[in-house]
Amino acid sequence: EAFGRCSSLTSMTIPEGVKYIWDAAFKDCSNLTRVTIPESVTSIGAEAFSGCSSLSRVAIPKYVTSIERGSFYRCTSLKSVTLPEKLRYIRGDDESDGAFEDCTSLKNITIPDNVISIGYAAFACSGLTGVTIPESVTSIDEDAFTGCSDLTSVVIPESVTSIGAYAFNNCSSLNNVTIPKGVTKISRDTFRNCSSLTSVIIPKDVTSIGDEAFSGCSHRI
């Protein structure tokens, strides 16, 4: 929390040589519009820029391999995010906020080819219209895209074997989805209130469909 709640701070240039930005370092710097993160940074902590509601764009350095829970939570002006090629994990847990949760101005996101997992509520962003999920991803956690009401389509790659509960809950514009053949279970509320959903392809290896997995899907599927 080195600069936490410095509400008059408008810009920050972090010098080359800094390796770590610790937890909540810039949390709730509500007027921070620009931050330059040097290539020397290898780790950005949980909630590091949470609540930086004026931050409009950010480039995460190439050696960062993990984005921690709540790192950019409620950065409501964030329109552009550059994720590094070496990124492996976009973390989160059901006790806290997602990495980019409530970034309501974020429209599109390309997830790099080395990412393995998309964590809890990672991209629960109501304005998200497009997302590219690479073949390296094996799990999509709970609430990962919940409330993405502008998301019309998503391609879930064949590498995915696990989709958590509520993963696409309230994605009310989503109209079709193909569930990968490696998935054996559709968790509870996964596609709940996806009211525009007209087409779902479920692989033959699915052995269970959880409670209200497709509740509120008003079209005949």
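Quick note: structure is the one above.
Conventions adopted
- Here the residue numbering is sequential within each chain, running from 1 through the sequence in written order.
- This being a predicted model, a pLDDT of at least 70 is required before a residue's local features are given, and a value of 80 or more before pairs of side-chain atoms are given or counted; all residues contribute to the totals for chains, interfaces and linings.
- Note that water and hydrogens are dropped before the side-chain values are worked out from all heavy atoms of the structure.
- Each helix is a run of H or I in the DSSP string that is no shorter than four residues. Each strand is a run of E no shorter than two, and both are numbered from the N terminus.
- The criterion used for residue contact is that any of the two residues' heavy atoms lie within 4.5 Å.
- Polar contacts, as counted here, are pairs of nitrogen or oxygen atoms within 3.5 Å of one another; within protein the pair requires one atom able to donate a hydrogen and one able to accept it, and residues that are adjacent in sequence qualify only if both atoms are side-chain atoms.
- Burial classes: relative accessible area under 20% of the type maximum marks a residue as buried, over 50% as exposed, and values in between as partly exposed (1.4 Å probe, protein chains only).
- Side-chain rings of Phe, Tyr and Trp (the six-membered ring for Trp) are treated as a pair once their centres are within 6.5 Å; stacked means planes under 30 degrees apart, edge-to-face means over 60, and tilted covers the remaining angles.

**Side note on unusual backbone geometry**
Step number 1: Backbone geometry at Y166 places phi at a positive 65 degrees, although glycine is not the residue there.
Step number 2: Structurally, Y166 can be placed in the loop between β13 (162-163) and β14 (176-178).
Step number 3: If you check the backbone angles, E212 has positive phi at about 55 degrees while not being a glycine.
Step number 4: When you line up the elements, E212 lands in the segment after β17 (208-209).

**Concerning the environment of L78**
Step number 1: When you line up the elements, L78 lands in the loop between β6 (66-67) and β7 (80-82).
Step number 2: As a C-alpha pair, L78 and S105 span 27 residues in sequence and 5.7 Å in three-dimensional space.
Step number 3: For L78, the residues in contact, after removing those within four places along its chain, are L55, S56, R57, V58, F72, F100, C103, S105 and L106.

**So, the side chain of S40**
Step number 1: With respect to the secondary-structure elements, S40 resides in the loop between β3 (34-36) and β4 (43-44).
Step number 2: Side-chain polar atoms of S40 contact the backbone nitrogen of G17, separated by 2.8 Å.
Step number 3: A polar atom in the side chain of S40 sits 2.7 Å from the backbone oxygen of V18.
Step number 4: The contacts of S40, once residues within four sequence positions are left out, are P15, E16, G17, V18 and K19.

**A few points about the side chain of N169**
Step number 1: Summarising the element assignment, N169 is placed in the loop between β13 and β14.
Step number 2: The buried category is assigned to N169, whose relative accessible area is 8%.
Step number 3: Dropping the residues within four chain positions of it, N169 is found in contact with F145, T146, G147, D189, T190, R192 and N193.

**Considering the packing of aromatic side chains**
Step number 1: Under the criterion given, the structure shown has 10 aromatic pairs.
Step number 2: On the basis of an interplanar angle of 5 degrees and a centroid distance of 5.3 Å, the ring pair of F72 and F100 is categorised as stacked. Linking F72 in the loop between β6 and β7 with F100 in the loop between β8 (89-90) and β9 (108-110), this pair joins segments that are 28 residues apart in sequence.
Step number 3: Here F100 and F123 contribute two aromatic rings whose centre-to-centre distance is 5.4 Å and whose plane-to-plane angle is 5 degrees, an arrangement assigned as stacked. Of this pair, F100 sits in the loop between β8 and β9 while F123 is found in the loop between β10 (117-118) and β11 (130-132), placing the two residues 23 residues apart along the sequence. As far as burial versus exposure is concerned, F100 and F123 are alike and both buried.

None of the figures reported here should be taken as evidence of function without further support.
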